[in-house]
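Residues per chain are reported as follows:
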Amino acid sequence: MSALAPLRLLREPWNASEGNQSNATAWASGGWCQGLDIPSELFLALGLVSLVENLLVVAAILKNRNLHSPTYYFICCLAVSDMLVSISNLAEMLFVLLLEHGVLVMRPSIIRHMDSVIDMLICSSVVSSLSFLGVIAVDRYITIFYALRYHSIMTLQRAVVTMASIWLASTVSSTVLITYYRSSTILLCLIGFFLFMLVLMLVLYIHMFALARHHLHSISSQQKPPTAHRGGSLKGAVTLTILLGVFFICWGPFFFHLILIVTCPTNPFCTCFFSYFNLFLILIICNSVIDPLIYAFRSQELRRTLREVVTCSW
């Protein structure tokens, strides 16, 4: 089990003949195609930062009754998903270190079983994180376009059903992925899921930004000068750009990696791209570090509760 590749099942192309794969690897063995050597300490450091950040978010939302609403429950679930990414990464790192230093002595069959469990946990967290990012986008959309009907549309019961369904679907899909990871159909379903979430967020956030611009033009036609309103619109545009940019940058390379595994496993360029798999994992972990900054810490109420949690002012 590689300490730097928790999703080692998806690290290398499996749908290529051994001879073709070795030839492609030999062709791409020089220069930038040798990949990027990322130290284990970086994985551990990012994992710890993400774990602490998201743990604080969960604690703050559970503590403050004012945050007991569907919107913050979705943010809480996103934080839990990101925590699973960090915990899985940290668990594998510690597991590997204990094995390498002889502290743990296990049979190969048990090691493979532990590896599969960790892989399943990471896959589940990936699917659930993507799902809750999409749910948060839908929730914001309803808040803006159906503000007066929000509480009748997004009831607590519907929010609970949505959260339970996502966790159940994530667990089932991760089990299927780990069991049938050699199936192109399974990988295509995962890729399709990512593209669906990307398009969903693009459509919803662009529509929300279009509404903000419409309001800006309406206000500008009545008030002069409209500088402050333009500043607010610009701030909204920057926020949406950050949301979509972070999502695409952090998740895009990993799913492009999956696309190449399906489409061109023996192509020299694809082989070069495969060698940077550890970097794609780092980006996913970075996303779990950035998510609280975007979705949680921007709330004044949540920041106040966080200060109380940190200073133990219970």
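Residues numbered from 1 in each chain as written. Predicted model: local features only at pLDDT ≥ 70, side-chain atom pairs only at ≥ 80, totals over all residues. Heavy atoms only, no water.

Per the secondary structure count, the protein chain includes eleven helices and zero strands. The order of helices and strands in the protein chain, counted from the N terminus, is α-α-α-α-α-α-α-α-α-α-α. When burial is assessed residue by residue, the protein chain has 46% of its 314 residues classed as buried. Approximately 16,000 Å² of the protein chain is accessible, and the part contributed by carbon and sulfur atoms is 68%. (Helix = DSSP H or I, 4+ residues; strand = E, 2+ residues; numbered from the N terminus. Buried < 20%, exposed > 50% of the residue type's maximum accessible area, 1.4 Å probe, protein only. Areas by Shrake-Rupley, 256 points an atom, 1.4 Å probe, with all protein chains shown as cover.)

This next bit is on the environment of A137. Relative to the elements of secondary structure, A137 occurs in helix α4 (residues 108–145). A relative accessible area of 0% means that A137 is categorised as buried. Sequence separation between A137 and L204 is 67 residues; the distance between their C-alpha atoms is 6.8 Å. Setting aside residues up to four positions removed in sequence, A137 forms contacts with M201, L204, Y205 and M208. (Contact = heavy atoms within 4.5 Å.)

To continue, consider the UniProt feature "transmembrane region" (unreviewed entry) in the protein chain. Under the local residue numbering, the UniProt record ascribes the feature "transmembrane region" (unreviewed entry) to residues 42–62, 74–97, 117–138, 159–179, 185–212, 233–261 and 273–297. Annotation note: span residues 117–138, helix share 100%, strand share 0%, distance between end C-alpha atoms 32 Å. Measuring from the first to the last C-alpha atom of residues 159–179 gives 30 Å, for a span that is 100% helix and 0% strand. (UniProt positions renumbered as here; feature names shortened; annotations may be inferred.)

Under the definition given, this model contains nine aromatic pairs. Ring plane angle 50 degrees and centroid distance 6.2 Å describe the contact between F254 and F277, whose orientation is recorded as tilted. Here F254 is found in helix α8 (residues 227–263), whereas its partner F277 is found in helix α10 (residues 277–296), with 23 residues between them in sequence. The pair F254 / F277 is uniform in exposure class, with both members buried. Among the aromatic residues, those joined into a ring-pair cluster are F194, F247, W251, F254, F255 and F277. (Phe/Tyr/Trp six-rings, centres within 6.5 Å; stacked < 30°, edge-to-face > 60°.)

Inspection of every chain in the model, using the stated rule, returns three salt bridges. Measuring nitrogen to oxygen at the nearest pair gives 2.8 Å for the salt bridge that ties E308 to K63. Placement of E308 in helix α11 (residues 300–310) and of K63 in helix α2 (residues 40–63) is noted, with a sequence separation of 245 residues between them. Taking the shortest distance from any N to any O, the salt bridge between R304 and E308 comes out at 2.7 Å. With R304 and E308 both in helix α11 and four residues apart, the pair spans about one turn of that helix. According to the relative accessible area criterion, R304 is partly exposed, its value standing at 33%. Linked through salt bridges whose partners overlap, the residues forming this network are K63, E301, R304 and E308. (Salt bridge = Lys/Arg side-chain N within 4 Å of Asp/Glu carboxyl O.)

Each disulfide consists of one covalent bond between the sulfur atoms belonging to two cysteines. If you walk through the whole model with that rule in mind, you get one disulfide. Paired by a disulfide, C264 and C270 hold their sulfur atoms 1.8 Å apart. Handedness of the C264-C270 disulfide follows from its S-S torsion of about -80 degrees: it is left-handed. An identical accessibility class is assigned to C264 and C270; each is buried. No disulfide involves C76; its sulfur sits 5.8 Å from that of C77, the nearest cysteine. In this structure C77 comes out as buried when scored by relative accessible area, which is 10%. (Disulfide = S-S within 2.5 Å.)

For the rest of this paragraph, the subject is the packing of α2 against α11. In contact at an axis separation of 9 Å, α2 and α11 are set at 105 degrees when each is read in the N-to-C sense. Compared by their axis directions, α2 and α11 come out roughly perpendicular. Along its contact with α2, which presents L56, V57, A59, A60, I61 and K63, the element α11 presents L302, T305, L306, E308, V309 and V310. In terms of residue class, the contact of α2 with α11 is built from nine nonpolar, one polar and two charged. (Axes fitted to C-alpha atoms, helices over the stretch in contact; angles between N-to-C directions. Parallel < 35°, antiparallel > 145°, perpendicular 65-115°, else oblique. Nonpolar A, V, L, I, M, F, W, Y, C, P; charged D, E, K, R; others polar.)

This brings us to the confidence of the model for the protein chain. Per-residue pLDDT for the protein chain averages 77, and the proportion of residues at 70 or more is 79%. Here residues 1–6 is a poorly scored stretch, pLDDT under 50, and it has 24 contacts once near neighbours within four places are set aside; other chains count. Within the model, the stretch residues 226–234 combines pLDDT values under 50 with eight contacts to residues more than four positions away or in other chains. (pLDDT = per-residue confidence, 0-100.)

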